[in-house]
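Spelled out, the chains give:
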Amino acid sequence: MTDRGEWVLNLERKARRYSIVFVQLGSAFAPLRGDLADIKGRQMPLAEYLGQVAPNEPTLHILEDFERVAKTKDATIGRLRERVHSDVEAGHIFILVSRISRNAYEAAPGSDLLADARQVYAPLDPPVAGDHLAVLPAHRGGERDGTTLLTSCLEELGSETVHALSQALWEHGLSPNESITELRKTDLEALRGAGLVTVDESSVTWTIAGAWKKFRNAVALASSRYTVATTWLAGSFTDLWVIERAIRNAVRDALIIKQGDGWRESCLSSAMQPEILERARKDAQPSAESVKDLRDPLEWLTTVELLELREARELGNLGLETYLWTKFRHAVVPIRNRAAHMRLISAQDARTLQSWRTIVLKNLSADH
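Now for a description of the structure that goes with this document. Per chain, the residues get numbers from 1 upward, laid out in the order the sequence is written. Two thresholds apply to this predicted model, a pLDDT of at least 70 for residue-level local features and 80 or more for giving and counting side-chain atom pairs, whereas whole-chain, interface and lining totals are computed over all residues. For the side-chain quantities, the full set of heavy atoms in the structure was used; hydrogens and water were omitted.

A word on helix H1 (residues 4–18)
As a reminder, the rule being used: Only DSSP runs of H or I reaching four residues or more are called helices, and only runs of E reaching two or more are called strands; each is numbered from the N terminus. Helix span, as expected, comes to 1.5 Å for every residue beyond the first. Throughout, exposure labels follow a simple rule: accessible area from a 1.4 Å probe, protein chains only, divided by the maximum for the residue type, with under 20% read as buried, over 50% as exposed, and the rest as partly exposed. As used here, the arc belongs to the directions running from the helix axis to the C-beta atoms. In this analysis, two residues are considered to be in contact whenever any of their non-hydrogen atoms come within 4.5 Å of each other.
Helix length check: H1, at 15 residues, gives a terminal C-alpha distance of 21 Å against a target of 21 Å (1.5 Å per residue), a fit within 8%. For H1, the complete set of buried residues consists of Arg4, Trp7, Val8, Leu11, Glu12 and Ala15. Each buried residue of H1 lies within a common arc of 140° when the element is viewed along its axis, so the set occupies one face. Elements in contact with the buried residues of H1: strand E1 (20–24), strand E3 (60–63), strand E4 (93–98) and strand E5 (118–120). Looking one or two places after H1, you find Ser19, whose phi comes out positive at around 75°.

So this is what it looks like as C-alpha cells:
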C-alpha cells in the first residue's frame, strides 16, 4: 500500500508553494479522502467557506466538495473566484478537492481559478500480480467491483474525454498504445487524475491495460449513460435546425422554380414516394393518400436523402461550390446522425456546426 502520510505531506507542501492546488479524489481514490484530516488547516464544504469570513491569520483551506461548482447554475464560480483570489492576496492558501476531473468543469468567462490551480495527483497503490486493478486504491477485488469502479471513474471525466475514448476504443478500435497517442493532453490529464494512466519522464501508460476488455466495456457504459448537458449542446441542436431548414428551403425553392406547382408529386422518384408517404402517415398526416397531399414532402427526407435529391433532380449547387457540398456531407452528416440518436456531441462538433451555419446562411440560395 502507498505511504499515505508522504502523499499528504507532499500535497500540503505543494499547496504552500503554489497557493492554490487542485486534487482529483474521485472513485479510484475515495479511501484517500480520509487522509485529508491529517493536514493542518480548515477542511470544509464549499458553501461553508463562502458563508464565513476568513480568519485574520493566513490559513490553509481545504474545500472538500469543489465539484459542486460544476453543478450550480448561479454565480457561485464568480463569487468563489473573487473570494479565493482576495484571500490568497491576504496570505491564505487553498486545496481544491474534487471528485471530477478539471476538464469536466465548463469554462466560465473571466474565471482563471482552475487554470491557476496547480494539479497534484494522488498516489496509486503498488501493482499486485494477477489483479490488474490493484493499483486503484478503491479496488476491493472481484469481477463485478472492477467493472463498477472503472465505470464510476469514467463518469467523473469531462464529456470531451468520454467522447474521445468512445471514438478511440469503439469507433476506431485502437489498442492501448494506439489510443494513448490519439488522446489530447487535457484527456490524459483527466485520466491521470482518475488513476487510469500514469506518467513517467518519457511516456504515458495505462494503469489498467491488463484489464483492457473490462475497461473498454466500461467506456461503452459511461458513454451511453452520460447525461451532463454541456453549454454547447443546445447551441448545436439550434445550429443543426437552422442548417437543415436553410438547405430544405433552398432545395424546395429550386424545385418550385424548376417544376412549378406540381413540385410535390414530381420531386420524388416513384420508388421513393410510397416510403415517404408511409413516414408521413405514421407521424403527422395519417389521412394522406398520396405525396401531393403532404404539405412538404421534403420534411420526411433524411439529410442524406435530401442531398441526393439535389443531385438527382439536377438542381445545381444552390450557392455552395461542389467541393463544399462534399465537405458538408463528411463534416455535418455524422454529427447530425449523432444528434438524431442522442449520442454525445463534442465541443469540436459544436464548433464545426457553428462554422457550417455561417457558410450555409451566407451562400445558400435557390437563385444560384
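Moving on from the model shown.
Focus on the environment of Leu169
Assignment of secondary structure puts Leu169 in helix H7 (residues 159–171). Between the alpha carbons of Leu169 and Trp212 there is a distance of 10.0 Å; along the sequence they are 43 residues apart.

Considerations on unusual backbone geometry
The phi torsion at Glu314 lies on the positive side, around 50°, for a residue other than glycine. Mapped onto the elements, Glu314 comes out in the loop between helix H14 (303–312) and helix H15 (322–340). The exposure class of Glu314 is exposed, given its relative accessible area of 64%. Here Met342, not a glycine, exhibits a phi torsion of approximately 55°, which is positive. Summarising the element assignment, Met342 is placed in the loop between H15 and helix H16 (347–363). For Met342, a relative accessible area of 64% gives the class exposed.

Some details on the packing of H7 against helix H9 (residues 185–193)
For the record, the criterion: The axes used here are C-alpha line fits, helices contributing only the stretch in contact, and every angle between their N-to-C directions lies in the interval 0 to 180 degrees. These descriptions rest on fixed angle ranges, namely under 35 degrees for roughly parallel, over 145 for roughly antiparallel, 65 to 115 for roughly perpendicular, and the rest for oblique. In this classification, the charged set is Asp, Glu, Lys and Arg, the nonpolar set is Ala, Val, Leu, Ile, Met, Phe, Trp, Tyr, Cys and Pro, and all remaining amino acids, among them Gly, are polar.
Running from N to C, H7 and H9 point in directions that differ by 100°, and their axes come no closer than 10 Å. Taken together, the axis directions place H7 and H9 in an arrangement best described as roughly perpendicular. Here Glu160, Thr161, Ala164 and Leu165 of H7 come into contact with H9, specifically with Asp187, Ala190 and Leu191. Of the residues in the contact of H7 with H9, the class split is four nonpolar, one polar and two charged.

Section: the nonpolar core
Quick note on the threshold: For our purposes a nonpolar core is just a set of buried Ala, Val, Leu, Ile, Met, Phe, Trp, Tyr and Cys residues, chained together by side-chain atoms within 4.5 Å.
With 52 residues, the main nonpolar core has Ile95, Leu196, Trp206 and Phe215 as its most contacted residues. Of all the elements in the fold, those that place two or more residues in this core are H1, E1, E3, E4, helix H6 (143–155), H7, H9 and helix H10 (212–225). Among all residues touching Ile95, those that are not within four sequence positions of it are Leu11, Ala15, Val21, Val23, Ile39, Leu60, His61, Ile62 and Leu63. By size, the runner-up hydrophobic cluster in this structure holds 38 residues, among which are Leu255, Ala288, Leu320 and Phe328.

With respect to the sheet that holds E3
Inclusion rule: If DSSP finds at least two bridges between two strands, the strands pair.
Spatially, E2-E3-E4-E1-E5 is the arrangement adopted by the five strands of the open sheet, whose pairing is parallel. In this open sheet, the two edge strands, each paired with only one partner strand, are strand E2 (42–44) and E5. Neighbouring strand axes in the sheet, compared pairwise and without regard to direction, differ in orientation by 20° on average. Bridge analysis of E2 against E3 gives three bridges, and the strand direction is parallel. If you follow Gln43 over to E3, its bridge partner there is Ile62. Sheet strands touched by H1: E1, E3, E4 and E5. Its angle to E1, the strand with the most contacts, is close to 145°.

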